[in-house]
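# Coordinates in review
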Amino acid sequence: MSPIFIPFHLIALLVFSLVSIGKIYSVYAENSLFARGYSMQQSVQMKQLYWGLYDDFSGKITTDKIEQLLTIYRPMEAKVADLTASTRIDDPDTFTGNVYTDYHFFRRCFVLPMEYGYLYQSYAGKVVLAAKENISFYNSVNNQYESRKNATIAECFSGRKVDTFAFTEMYQYYLNYDFSSFLALLLCVYGLVGVFVSEKQTEMDALLLTTKYGGAKTVAAKLVSSALFVIAICTWFWLLDFFAFSAVFSSFKGALAPLYAVKNFANTPLNLSLGQYAFRSSVVKTVGMLVLGAGVLLLSSSFKNALFPFVISLAGVFGLILWQGAFMNSGHLWPKVTNPFVLMVNRELFRKAEFVNLFGLPVPSYLAALLMAILWAGTFMGLLVVTMRKSEVTGKGGRSNVG
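Here the residue index of a chain counts from 1 through its sequence in written order. Per-residue local features of the predicted model are confined to residues with pLDDT of at least 70, and side-chain atom pairs are confined, for both listing and counting, to 80 or more; whole-chain, interface and lining totals are unaffected and use all residues. The side-chain figures draw on all heavy atoms in the structure; neither hydrogens nor water molecules are used.

## Things to note about the packing of aromatic side chains
- Only centres within 6.5 Å qualify two rings of Phe, Tyr or Trp (six-membered ring in Trp) as a pair; their planes then separate them into stacked at under 30 degrees, edge-to-face at over 60, and tilted for everything else. Scanning the model with the defined rule gives 38 aromatic pairs in all.
- Relative to phenylalanine 110, the ring of phenylalanine 57 has its centre 5.3 Å away and its plane inclined at 55 degrees; by these criteria the two rings are tilted. With a gap of 53 residues between them, phenylalanine 57 in helix H2 (residues 40-57) and phenylalanine 110 in helix H4 (residues 99-140) connect regions that are remote in the sequence.
- Through a chain of ring-to-ring contacts, three or more aromatic side chains come together here, namely Tyr25, Tyr28, Tyr171, Tyr173, Tyr174, Tyr177, Phe242, Phe243, Phe245, Phe249 and Phe252.
- In our convention, an over-ring charge means Lys NZ or Arg CZ found within 6 Å of a ring centre and within 35 degrees of that ring's normal. Taking the ring centre of phenylalanine 157 as reference, the NZ or CZ of arginine 160 above it sits at 4.3 Å.
- Over the aromatic face of tryptophan 238 sits the side chain of lysine 285, whose NZ or CZ is 5.1 Å from the ring centroid. Helix and strand definitions here come from DSSP, where helices need a minimum of 4 consecutive H or I residues and strands a minimum of 2 consecutive E residues; each element is numbered from the N-terminal end.

## Some words on empty space enclosed by the protein
- Points on a 1 Å grid over protein atoms alone make up a cavity when a 1.4 Å probe fits among them but cannot get out, and a pocket when they form an open set with protein on both sides within 12 Å along at least five of seven lines; lining residues each have an atom within 4 Å of a point. Grid points are joined across faces, edges and corners, and a volume is the space filled by probe spheres set on the points. The final tally for this structure, using the stated rule, is 2 cavities of 30 Å³ or more.
- Its boundaries defined by the atoms lining it, the largest cavity holds a volume of some 140 Å³.
- What lines the largest cavity is a set of 14 residues, and nearest its centre among them are Tyr174, Leu175, Tyr177, Ser281 and Lys285.
- Elements with a minimum of two residues in the lining of the largest cavity: helix H10 (216-248) and helix H11 (274-300).
- No other element matches the 5 residues that H11 contributes to the lining of the largest cavity.
- Think of it as three bins: nonpolar holds Ala, Val, Leu, Ile, Met, Phe, Trp, Tyr, Cys and Pro, charged holds Asp, Glu, Lys and Arg, and polar takes everything else, Gly as well. Taken together, the residues that form the lining of the largest cavity break down as 7 nonpolar, 3 polar and 4 charged.

## Focus on the domain arrangement of the protein
- Per the annotation, domain bounds derive from an automatic or database assignment of domains. Each assigned domain of the protein is listed here: domain 1 (59-165) and domain 2 (169-402).
- Each of domain 1 and domain 2 was reduced to a C-alpha centroid, and the two centroids are 37 Å apart.
- The contact rule is simple, with two residues in contact once any of their heavy atoms fall within 4.5 Å. Across the contact, 13 residues belong to domain 1 and 18 residues belong to domain 2.
- Take the accessible area each of two parts loses on contact, using a 1.4 Å probe, and add the two losses: that sum is the buried area. In total, domain 1 and domain 2 occlude about 1300 Å² of area from one another, counting both sides; carbon and sulfur atoms represent 61% of this.
- Contact with domain 2 buries surface across domain 1, with Tyr116, Tyr145 and Arg160 losing the most and accounting together for 43% of the total.
- By convention in these notes, a salt bridge is any Lys or Arg side-chain nitrogen within 4 Å of a carboxyl oxygen on Asp or Glu. Linking domain 1 to domain 2 there are 0 salt bridges.
- Identification of polar contacts relies on pairs of N or O atoms within 3.5 Å, with a donor-acceptor requirement for protein atoms, meaning one able to donate a hydrogen and the other able to accept it, and with residues adjacent in sequence counted only if both atoms are side-chain atoms. Counting the contacts that link domain 1 with domain 2 gives 8 residue pairs in polar contact (both at pLDDT 80 or more).
- Residue assignment for the side of domain 1 that touches domain 2 shows that the elements contributing at least two residues are H4 and helix H5 (144-157).

Structure below.
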């Protein structure tokens, strides 16, 4: 049985999609600048105010824009500094009706993000300077690996700047959203466990070996259809995530801003835009799902009852999740990159410039994780071929004995 969208799969896909959208909305309600701590009416007011001012401050950060913003912000800051400003909520001389609300709104929505962007070039320059100093030091002590690593860091951070102001709040939470990965993984596991099992249950596997398109051709067709199934599930959820986040946060803006415009990715080794990173991250997640799917197919080829590979697959998934959590923020990089599940939560590979020592070369952790994933996939496929050949020999032997 190939993984096809039978009614149950479609129902599960719809239910999981609605659950994911609900989860995305909860992320917005709990964290957004326009929702957290505000009533529905206030939230609408904050959105209208923000987008009404957005065109004045978005785009290239200039001295004129900074001065314009500070002209509005500094009087508010002075009023609330001694906590003696009026607490009335219908003050006509304010933007929101309350000077404290005005202060926090402008500080969180415009001042702090613009300040981060303005200062990032200086921060990146300090990283490059420190890396070059490290290169000189490690060359003096003949440590070629650390010298190469710091040369790579210097190259990554050289010339970096955030010279434009854009709405990036949606990306701050979109890039850290993993819930849909787990939902997609559950659907893929359920869809793949029966790929080889069903024929063994009905003893059709031996009969298929006698057909023109049996044996290796049947296995190849199953592998291709399984890969397409996994890619379709992943594509659906990754697109759903992006459009749901954009809709809930009411904006598709910010895609052209550099990845390091998001503060959590200040130390990323990648020089990509947010839109480019969103695409790359989705591709890497799909690769991780394909690797895990190959493991599920191996289990499917080893049992005659779908329950066993399903339970073992789920246990394996939870084991990988625990493994990933144990090494997520540790300095032990090899245990982290060896886990194929790390590709499903790949922000941990991309948000920091980390390297593993591979034969004396500093290899970025995300490349090392992809290399390990390829090894895992090759191992799973090799074992699958061995398993299917044993089944083929057993099937042929069984027919000859009957004859």
